[in-house]
Amino acid sequence: MRIEVTPADVAASRYAISPLGEAVSALRLCAGQNAATALMPWVTRARPAYERLRRESPAVGALLALLRHGGYNADFTQPPPDGAGREFADELAVVRATPLAQARSELARNLAGPRSTPPAYARAIYRSPDVVDLLADAIEAAWVALVEPDWPRLRAILERDLLHRAGRLVAYGWGAAVADLDPRLRWVPGGAVGAIEVSHADSRVCRLDGRGMLFVPTVFGTMITYADPPWPFAVVYRASGVAELLGPPDPARPEDALDRLVGRGRAAVLRALAVPATTSQLVVQLGLSLGGAGDHLAVLRDAGLIAGTRTGRSVLYRRTPLGEALAGPG
């Protein structure tokens, strides 16, 4: 696919976060449909909740049976967001508002071709007059079980990437915005018109015509492109630094000056807070006891290296400017 863009499309382009997209992608990650790689510690932790979902909700299996690698996937089950501040409930409402005729058309296109036939229970759900609500219920169940408990931390990872990428687009243009998003994307410069080329079975040539491009970072997902009405032109791409921020520290990491200054345990906590986290999230990520994590956080807070903000029943810790300077870029 070739997406032709002009300099005017820079001003119209935007970046957004999709909590609903993360729910669908997390479900597929747990099902083994997307490569887990360094996210395997999260998958292992989430697997009991995922297996419970599969037992209790046939619609979850029907949603998973729609995935087509390298082919069309029904867009209404994972619509691109229309703003950076959208909440999961807002996006789910968009899914539930999908007209039945549109859903049936997208499902038919999704299931066409010589691919494996979905199981009988899934085909019955696709034929149901309630198919939109049934699949929306499955997405909501995946959100509640897999993503919502970690959402403050996940959102912080996505927002960090969003700010970085948006700044590159405005400051340096399309080439910098597309660079390193995904190996299947490349920028082809031109005079008044350049192009984003996508390695894809779809060989169409599309034009933004001043509408701009929507870029959506993801923690759990893989690259997705949107080029069909009624959706905006959009690219979903893997956010940077995910493995380092969600996975445990490397036990073979050599000791450095920060370890010697504050101790290896407290240094690990300070590094992990490159993205804000709660005590329980740090416990899971770093393999600490609840008391040990609390002790490290108290010392770092008293030293002015971190600060906490209450979010619901939890406290979300983040590095202060002093903590950022001490931790350094790595």
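Residues numbered from 1 in each chain as written. Predicted model: local features only at pLDDT ≥ 70, side-chain atom pairs only at ≥ 80, totals over all residues. Heavy atoms only, no water.

Participant: Let's hear about the overall build of the protein chain: which residues, and what values?
Facilitator: Along the protein chain, the regular secondary structure elements total 16 helices and ten strands. Relative to the compact-globule value of 20 Å for 330 residues, the protein chain shows a C-alpha radius of gyration of 21 Å, a close match. Each principal axis of the C-alpha atoms in the protein chain carries an extent, and together these give about 60 × 55 × 35 Å. Residues counted as buried form 49% of the 330 residues belonging to the protein chain. When contacts within the protein chain are restricted to residue pairs at least 6 apart in sequence, long-range pairs at least 24 apart make up 67% of them. Counting every atom, the protein chain has about 15100 Å² of accessible surface; 57% of that belongs to carbon and sulfur. Computing the positive centroid from 37 side-chain charges and the negative centroid from 33, the protein chain places the two 3 Å apart. (Helix = DSSP H or I, 4+ residues; strand = E, 2+ residues; numbered from the N terminus. Rg over C-alpha atoms; globule rule 2.2 N^0.38 Å. Buried < 20%, exposed > 50% of the residue type's maximum accessible area, 1.4 Å probe, protein only. Contact = heavy atoms within 4.5 Å. Areas by Shrake-Rupley, 256 points an atom, 1.4 Å probe, with all protein chains shown as cover. Lys, Arg positive; Asp, Glu negative; His and termini not counted. Charge placed at Lys NZ, Arg CZ, Asp CG, Glu CD.)

Participant: Please provide a residue-by-residue account of the sheet that holds strand β3 (residues 185–188), values included.
Facilitator: Spatially, the four strands line up as an open sheet ordered β3-β4-β1-β5, and their pairing is mixed. Of all strands in the sheet, those with a lone pairing partner are β3 and β5 (205–207), marking the two edges. For this sheet, the mean inter-axis angle between neighbouring strands, taken without regard to orientation, is 25 degrees. With four bridges joining them, β3 and strand β4 (residues 194–198) adopt antiparallel strand pairing. Across the sheet, the residue bridging to Trp187 is Ile196, located in β4. (Pairing = 2+ DSSP bridges. Axes fitted to C-alpha atoms, helices over the stretch in contact; angles between N-to-C directions.)

Participant: Describe the packing of helix α2 (residues 19–30) against helix α8 (residues 131–147), and please don't skip the residues or the numbers.
Facilitator: Relative orientation of the contacting elements α2 and α8 amounts to 80 degrees, with a least axis distance of 9 Å. With respect to α8, the axis of α2 lies roughly perpendicular. Residues Pro19, Leu20, Glu22, Ala23, Val24, Ala26, Leu27 and Cys30 of α2 lie in contact with α8, whose contacting residues are Ile139, Ala142, Trp143, Leu146 and Val147. Within the contact of α2 with α8, the residues separate by chemical class into twelve nonpolar, no polar and one charged. (Parallel < 35°, antiparallel > 145°, perpendicular 65-115°, else oblique. Nonpolar A, V, L, I, M, F, W, Y, C, P; charged D, E, K, R; others polar.)

Participant: Before we move on, could you go through the packing of helix α13 (residues 264–272) against helix α14 (residues 279–286) and cite the residues and values that matter?
Facilitator: Contact pair α13 / α14: the axes reach a minimum separation of 11 Å and the direction vectors enclose 115 degrees. Put simply, α13 runs roughly perpendicular to α14. Considering the relative orientation of α13 and α14, their crossing is right-handed. Across the interface between the two elements, Ala268, Val269 and Ala272 from α13 touch Leu282, Gln285 and Leu286 from α14. Residues that form the contact of α13 with α14 fall into these classes: five nonpolar, one polar and no charged. (Left-handed = near helix turned anticlockwise from the far one by under 90°.)

Participant: Explain the pairing of strand β6 (residues 214–218) to me, using residue names and the numbers behind them.
Facilitator: Across the five residues that make up β6, a large majority, five, are buried. Alternating positions in β6 separate into two faces, Leu214, Val216 and Thr218 on one and Phe215 and Pro217 on the other, with burial throughout. Pairing of strand β2 (residues 14–15) with β6 involves two bridges; the strand directions are parallel. Bridged to Arg14 within β6 is Leu214. Taken together, the five bridges between β6 and strand β8 (residues 234–238) define a ladder with parallel strand orientation. Its bridge partner lying in β8, Pro217 is registered against Tyr237.

Participant: Can you explain α8? Please cite residues and give values.
Facilitator: Between the first and last C-alpha of α8 there are 23 Å, a value that for 17 residues agrees with the 24 Å anticipated at 1.5 Å per step. Among all positions in α8, only Val131, Val132, Leu135, Ala136, Ala138, Ile139, Ala142, Trp143, Leu146 and Val147 are buried. End-on view of α8: buried residues confined to an arc of 155 degrees, all on one side of the axis. (Expected span 1.5 Å × (residues − 1). Arc of directions from axis to C-beta.)

Participant: Describe the sheet that holds β6, with residues and values.
Facilitator: Across a sheet, strands are paired by hydrogen bonds formed along the backbone, either parallel or antiparallel in direction. Ordered by their spatial adjacency, four strands build an open sheet running β2-β6-β8-β7, and the pairing between neighbours is mixed. Edge positions in the sheet fall to β2 and β7 (224–226), since each of these pairs with one other strand and no more.

Distances and angles like these do not, on their own, reveal function.
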